[in-house]
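So you can see what is in the structure, the chains are spelled out below.
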Amino acid sequence: MIKTIIKSIALVLLVGTVASCSSDFLDDPKPKDSISPEIVFGSKEGANSFLSGILRLQRMSLINDEASGLHSILFARSVKGADLIQKQIWFGADYDYLVYLSTGTRSKFSWRLPYKIIDQVNNFIVGVEESTKIEKADKEELLGQALALRGYYYFQLAIEFGDAYASNQNIPFPPIYTKPTSTPNKFSTKEEFFNRIVTDLEEASSLLGDKRANKSYINKSVAQAFLAQVYQYMGKWDLARKNANEAYGGNILKVLNAEDYTKGFDSMGATEWLWALPQSADQTVYYRSHPHAMMDHVAVAYHGTFINDDFVKHFSKTDVRNLFSNFYEKPNGDWQQYVTSKFKFTFEADLPVIRYPELVLIEAESAYHLGNEAKAKELVDAIRLNRDSQAKVTVVGGSALLETILLERRKELYGECGVEWFDAKRLLRGITRTGNHRTLISLPAQDKRFQLVLPQEELDARK
């Protein structure tokens, strides 16, 4: 259920002390269970600190450390596809498709985290709108970030718990909350839910500018990247193309750096990163920082994720992304034969959420669906040739061109955001595992396992 209170002082101080608030807050050392809205929203600085606390919730563990943060939701999608192989440890049940219980961790966490963030965003929006101390321009910036977050996390709920936008299953969609409340709202329809997502993100894009503190915050480009993903999922290709292009700026060479691909994907300062979850030695999620903690087989971590041998065959020897090795000297066909050095695990490794190459490839797919195959080839080859100087230009057209773009998405983004599973769901395709998988599976298009079951705790709250 959604809670109404402004969270405790600990939440606001997660990223540091609130500056420029009233003296009774700054000078009074007595413990407080909560902070009044008048203090939190008595200045832009106070509101910013509350917003920073919400952003930190994205890395939060909510169920006895069994699941942690947005990154765990994205990585669970990654292991559901055909490109990765997961040991029978954390995420092993996701890989084996054994997470479809209303009382299971996956359903509970993938429901709780978005709604916890949405709840805090709704409190934040009310506080900012009612503040008489924050200037109009500052309000717009703050509200833009909040609306973008709300739209993004409603989208995550749609992906996890709803049927695909293009499907005709029309199952009930999760409830929508735009105001703080402690009363469960009714379930929504797919149309209502996506209208809410698009409305929030379009308004956020209109309110935001280019400036932000660092890549963990949201500016106009991040909001447009959210919109590009949503419109891609909805099959609204002209809007997907427009937002993807504007999010990366339209200059592909400016946002690509092939050398960054070999540096461990551990710094949000990398040229290609647009939006990330940051970490530092005193603010880390430690061994819950997936994919790094699972996919790095050199550092002291879980060593839990391997690479399917049929997927490895798609990479040429000169592709900078070909970071695979038979690290454990396993025989051909053993499911532990291939690992990757794409991700380097440290306690300070930042976590990528959106990178510019994804946006270029969204624009490429959009161009294809809009009938501009020449542009689609140009865009997908911009990625391919940047990654592999020996690559040949794309000459195929029609459905083969679409398959080229989708494969390039998998090659570019494996382990990051569950792109293969995401594409299979939105395009009403199945997933068939081949090669050396530990668990072979053939998932038909629109299989019920493309959406999680509603958590029992949510159903019980409605009795």
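Not measured: the values here are computed from a predicted model.

What counts, and at which threshold
Residues numbered from 1 in each chain as written. Predicted model: local features only at pLDDT ≥ 70, side-chain atom pairs only at ≥ 80, totals over all residues. Heavy atoms only, no water. Helix = DSSP H or I, 4+ residues; strand = E, 2+ residues; numbered from the N terminus. Buried < 20%, exposed > 50% of the residue type's maximum accessible area, 1.4 Å probe, protein only. Contact = heavy atoms within 4.5 Å. Areas by Shrake-Rupley, 256 points an atom, 1.4 Å probe, with all protein chains shown as cover. 1 Å grid on protein atoms, 1.4 Å probe; cavity = no way out; pocket = protein on both sides within 12 Å on 5 of 7 lines; lining within 4 Å. Points joined across faces, edges and corners; volume = space filled by probe spheres on them. Nonpolar A, V, L, I, M, F, W, Y, C, P; charged D, E, K, R; others polar. Salt bridge = Lys/Arg side-chain N within 4 Å of Asp/Glu carboxyl O. Pairing = 2+ DSSP bridges. pLDDT = per-residue confidence, 0-100. Phe/Tyr/Trp six-rings, centres within 6.5 Å; stacked < 30°, edge-to-face > 60°. Lys NZ or Arg CZ within 6 Å of the ring centre and 35° of its normal. Expected span 1.5 Å × (residues − 1). Core = buried A, V, L, I, M, F, W, Y, C linked by side-chain atoms within 4.5 Å. Axes fitted to C-alpha atoms, helices over the stretch in contact; angles between N-to-C directions. Parallel < 35°, antiparallel > 145°, perpendicular 65-115°, else oblique. Left-handed = near helix turned anticlockwise from the far one by under 90°. Patch = residues over 30% accessible without salt bridge, like charges linked within 9 Å, V, L, I, M, F, W, Y side chains within 5 Å.

**Things to note about the overall build of the protein**
Scanning the protein from terminus to terminus reveals 19 helices and 10 strands. Relative to its 463 residues, the protein shows a buried fraction of 57%. In the protein, of all internal contacts separated by at least 6 residues, the share reaching a separation of at least 24 is 72%. Total accessible area on the protein is roughly 18,300 Å²; 51% of this is exposed by carbon and sulfur atoms.

**Topic: empty space enclosed by the protein**
The tally for this structure, following the rule as stated, stands at 4 cavities of 30 Å³ or more. Put simply, the largest cavity is a space of about 160 Å³. R77, Q229, E358, C417 and F422 are the residues nearest the centre of the largest cavity, which is lined by 14 residues in total. Listed by contribution, the elements that provide at least two residues to the lining of the largest cavity are helix 5 (69-79), helix 8 (136-161), strand 8 (351-355) and helix 18 (419-426). Sort the elements by how many residues they give to the lining of the largest cavity and helix 8 lands first, with 4 residues. Along the lines of polarity and charge, the residues of the lining of the largest cavity split into 9 nonpolar, 2 polar and 3 charged. If you add up the space inside the second largest cavity, you get close to 70 Å³. Residue lining of the second largest cavity: R77, S78, G81, D83, L84, R410, Y414, G415, G418, V419, E420 and W421, and that is the complete set. Take the lining of the second largest cavity: its biggest share by element is 3 residues, from helix 18.

**Some thoughts on the pattern of salt bridges**
A complete count under the given rule lists 33 salt bridges for this structure. The closest approach of N and O atoms between E457 and R112, which form a salt bridge, is 2.8 Å. Of this pair, E457 sits in helix 19 (residues 456-460) while R112 sits in helix 7 (residues 105-130); the two residues are 345 residues apart in sequence, bridging distant segments of the chain. Residues D163 and K190 are paired through a salt bridge, measuring 3.1 Å at the closest nitrogen-oxygen approach. Of this pair, D163 sits in the loop between helix 8 and strand 2 (173-175) while K190 sits in helix 9 (residues 190-207), placing them 27 residues apart in sequence.

**A few points about the pairing of strand 8**
Counting buried residues in strand 8 gives 5 out of 5 residues, a clear majority hidden from the surface. Note that strand 4 (residues 273-277) and strand 8 share 4 bridges and pair antiparallel. Counterpart to A276 in the pairing with strand 8 is P352.

**A few points about the side chain of E160**
Relative to the elements of secondary structure, E160 occurs in helix 8. According to the relative accessible area criterion, E160 is buried, its value standing at 3%.

**Quick notes on the confidence of the model for the protein**
Averaged over the protein, the pLDDT score is 90; the fraction of residues at 70 or greater is 90%. Note that residues 1-32 has pLDDT below 50 and, in this model, 77 contacts with residues that lie over four places away or in other chains.

**A short note on the packing of aromatic side chains**
Inspection of the entire model under this criterion finds 35 aromatic pairs. The rings of W111, Y115, Y154, F155, F161, Y165, F173, Y177, F193, F194, Y233 and F422 are connected pair by pair, giving a single aromatic cluster. Over the aromatic face of F315 sits the side chain of K411, whose NZ or CZ is 5.3 Å from the ring centroid. Over the ring of W335 we find R438; its NZ or CZ atom is 5.9 Å from the centre of that ring.

**Digging into unusual backbone geometry**
Backbone torsion omega between H290 and P291 reads 15°, so that peptide bond is classified as cis. Topologically, P291 is positioned in the loop between strand 4 and helix 13 (292-295). Not every positive phi belongs to a glycine, and Q446 is a case in point at roughly 65°. Secondary-structure assignment places Q446 in the loop between strand 10 (442-443) and helix 19.

**Description of helix 7**
Residue pairs three or four apart in sequence face the same way in an α-helix, which turns once every 3.6 residues. The terminal C-alpha atoms of helix 7, which comprises 26 residues, lie 37 Å apart, in line with the 38 Å expected from a rise of 1.5 Å per residue. Among the 26 residues of helix 7, 20 are classified as buried, and the element is accordingly described as predominantly covered.

**Focus on the nonpolar core**
F124, L149, Y154, I197, F226, W275 and L359 are the most contacted members of the largest nonpolar core, which totals 101 residues. Among the elements that take part in this core, helix 8 stands out by supplying 14 residues, more than any other. Discounting residues that sit within four places of it in the chain, F226 has contacts with A148, Y152, L201, I218, W275 and I354.

**A closer look at helix 8**
The end-to-end C-alpha distance of helix 8, which contains 26 residues, comes to 37 Å, matching closely the 38 Å that a straight helix rising 1.5 Å per residue would cover. Among the 26 residues that make up helix 8, 22 are buried, leaving the element largely enclosed by the rest of the structure.

**Some thoughts on the packing of helix 7 against helix 8**
Between helix 7 and helix 8, the shortest axis-to-axis distance is 9 Å and the interhelical angle comes to 160°. In this view, helix 7 runs roughly antiparallel relative to helix 8, as classed from their interaxial angle. Read as a crossing pair, helix 7 and helix 8 show a hand that is left-handed.

**A few points about the environment of D210**
Within the secondary structure, D210 is located in the loop between helix 9 and helix 10 (220-234). Sequence separation between D210 and K220 is 10 residues, and the spatial gap between their C-alpha atoms is 5.7 Å. Apart from residues no more than four positions distant in its own chain, D210 is found in contact with N219 and K220.

**A word on a nonpolar patch on the surface**
A cluster of nonpolar residues, L385, V393, V395 and V396, forms a patch on the protein surface that exposes about 340 Å² of accessible area. Within the secondary structure, V396 is located in the loop between helix 16 (373-387) and helix 17 (398-413).

**Concerning the packing of helix 15 (residues 356-369) against helix 17**
Contact geometry of helix 15 with helix 17 gives a least axis separation of 10 Å together with a crossing angle of 170°. In this view, helix 15 runs roughly antiparallel relative to helix 17, as classed from their interaxial angle. Within the contact between the two elements, helix 15 uses P357, E358, L361, I362, A364, E365, Y368 and H369 and helix 17 uses G398, S399, L401, L402, I405, L406, E408, R409, E412 and L413. Grouping the constituent residues of the contact of helix 15 with helix 17 by class yields 10 nonpolar, 3 polar and 5 charged.

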